[in-house]
Amino acid sequence: MSTSRRDPQDVDASLDWGRMSVMEAIGHVAVIGAGSMGSGIAQLAAAAGHEAHLVDVVDGAASAALARIASSLGQATDRGRISRDAAADALARVHVESRLEDLPECGLVIEAIREDLEVKRRLFAELAALQAPTTVLASNTSSLDIGAIASAVHDPERVIGLHFFNPPTVMRLVEIIHSDASARPVLDHVTSLMRAWGKTPVHCSSTPGFIVNRVARPFYGEAQRMLEAGVADAATLDACLREAGFRMGPLELTDFIGQDVNLAVGTSVWEQTGRDERYAPTALQQRLVADGHLGRKSGEGIYRYAGGAGPQDASPDEGRMAELVGGPITTDPVARTVAMLVNEALDLVHRGEASAADVDLAMTLGTNYPRGPIAWGREIGHDVIHAQLVELDAAFPGGRYRPSPALSATV
Ligand code: NAI
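Residues numbered from 1 in each chain as written. Predicted model: local features only at pLDDT ≥ 70, side-chain atom pairs only at ≥ 80, totals over all residues. Heavy atoms only, no water.

All right, on to the pattern of salt bridges then. Under the criterion given, the structure shown has 20 salt bridges. For Arg99, the salt bridge identified is with Asp102, shortest N-O distance 3.0 Å. One salt bridge in this structure joins Arg320 and Glu323, with 2.5 Å as the shortest N-O distance. With Arg320 and Glu323 both in helix H15 (residues 318–324) and three residues apart, this pair spans about one turn of that helix. Residue class for Arg320 comes out partly exposed when judged on its relative accessible area of 28%. The network of salt bridges with shared partners includes Arg214, Arg278, Glu344, Asp347, Arg351 and Glu353. (Salt bridge = Lys/Arg side-chain N within 4 Å of Asp/Glu carboxyl O. Helix = DSSP H or I, 4+ residues; strand = E, 2+ residues; numbered from the N terminus. Buried < 20%, exposed > 50% of the residue type's maximum accessible area, 1.4 Å probe, protein only.)

Structure, rendered in structure tokens:
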């Protein structure tokens, strides 16, 4: 941990952010890791007007990213989203660097390398030594603790999480994550910067899964459990959720994301919460991954796909849908899922990890939910949700359905 923590006010004064625009104050931006996220983030920074510098350990990876950025800007031009001149200027602002030592002084460095805590910690220690003490160091990690990354540098107040969604050029949401050490002025200025980049920032403490990847867990988990229990077939369960306003059903969505990717995120949250039953992976999903049924990308997951087409076995049973929705809570795919989403969201707010407004914003922008779970819970009534969870807890004991203290307090 830090031995010489600076006063957050010093960080602010040394950055001289009061007198110029946040974009000018940040100046050059470096992105480390030129994979799918890194190239999108570099494009975003360059399009916003920064000189953006890309570095990757693998020879040729940053140049390949530059080619992807050129093609993506070309598509944006064809669609009329950006003028030809603006696209050419943005591309000219992206620079490929071979080594961290070649980077100029940057106001912000965003790390988007592979998800490995020790590798990220080593990188942050190197960056802290090479860059000015005022450089903000941000990680795009989707699952690692920002405090654990920050403690690798001697001034952890300048380390934050900056969690973009895929693809970063399209998705408006960005989660700004603070550790216990992150300095307020750093968070405030990065918040202004994200707004200047056209993003919608939300704030969260470094809790497992942050907002979106935490609150969304039951959306996948409940449908998998109902499928395992034989409540209905996948197409019928998915259709119930689509009818309730979700853009995709939870089962087809996990096929789209990749069962392996979805399982890895869920398992990471489960491990980091001390194997809380609420996040326990299902046997169904573990078996799918073990069998190589990863979803669309492998041609089979929960559904079967042929030649890039949609699911082949996806006709919902409308009679069964009518029996389930509005029926007992244990077999109502919509009420059961929504009750769990509301519980999860209220719990996050109750623990002080994010505000109610940010949770609703994150879930509507990051996952396209038809309503924010906090507002949805208020609409349904906390007493109703509490009673539903008590019933689920009695039917499926073990802690998964325990109501949050935030709910229990309202009844
Ligand atoms: P990726 O595998 O596409 O790219 C990672 C890149 O980092 C590779 O080009 C690799 O050569 C490079 N790299 C690895 N170690 C390095 C090092 N020490 N120094 C420099 N470059 C290094 O990965 P992706 O998907 O872009 O993810 C990057 C980060 O973003 C991860 O932390 C991931 O959890 C996070 N993330 C990913 C999302 C996604 O949907 N793919 C969404 C949000 C966050």
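And the narrative resumes.
What follows covers the site of the ligand. Of all residues adjacent to the ligand, which total 20 residues, the nearest are Met37, Asp56, Glu115, Lys120 and Ser142. In the model, an oxygen atom of the ligand is placed 3.2 Å from a nitrogen or oxygen of the Ile113 main chain. The side chain of Lys120 places a nitrogen or oxygen atom 2.7 Å from an oxygen atom of the ligand. When the ligand is considered free in solution it has 840 Å² of accessible area, and contact with the protein chains removes 74% of it. (Near = heavy atom within 4 Å. Polar contact = N/O pair within 3.5 Å; in protein donor to acceptor, adjacent residues only side chain to side chain. Areas by Shrake-Rupley, 256 points an atom, 1.4 Å probe, with all protein chains shown as cover.)

Turning next to the pairing of strand E8 (residues 200–205). With five of six residues buried, E8 lies mostly within the body of the structure. Pairing geometry for strand E7 (residues 173–178) and E8, over six bridges, is parallel. Within E8, the residue paired with Ile177 across the bridge is Cys204. Handedness of the crossover joining E7 and E8 through helix H8 (residues 184–196) is recorded here as right-handed. (Pairing = 2+ DSSP bridges. Right-handed = clockwise from strand over helix to strand, strands pointing away.)

This part is about the domain arrangement of the protein. Parsing the protein into structural domains produces domain 1 (22–205) and domain 2 (214–282 + 316–408). With centres defined by C-alpha atoms, the gap from domain 1 to domain 2 works out at 32 Å. With nine residues of domain 1 at the interface, the matching set in domain 2 holds nine residues. If you sort the residues of domain 1 by the area they bury against domain 2, Ser143, Leu173 and Val202 come out on top, with a joint share of 41%. Linking domain 1 with domain 2 are zero salt bridges. (Domains from an automatic or database assignment. Contact = heavy atoms within 4.5 Å. Buried area = accessible area lost by both parts, 1.4 Å probe.)

Here we come to the environment of Ile211. Positionally, Ile211 belongs in the loop between E8 and helix H9 (212–215). As for Ile211 and Leu73, which are separated by 138 residues in sequence, their C-alpha atoms are 30 Å apart. Not counting residues within four places of it along the chain, the set of residues in contact with Ile211 comprises Glu175, Val202, His203, Cys204, Leu348, Ala354, Asp358, Val359, Ala362 and Met363.

Time to look at a nonpolar patch on the surface. A contiguous nonpolar surface patch, about 250 Å² in accessible area, is contributed by Phe256, Ile257 and Val261. On the secondary structure map, Phe256 appears in helix H12 (residues 250–257). Judged by its relative accessible area of 52%, Phe256 falls in the exposed class. (Patch = residues over 30% accessible without salt bridge, like charges linked within 9 Å, V, L, I, M, F, W, Y side chains within 5 Å.)

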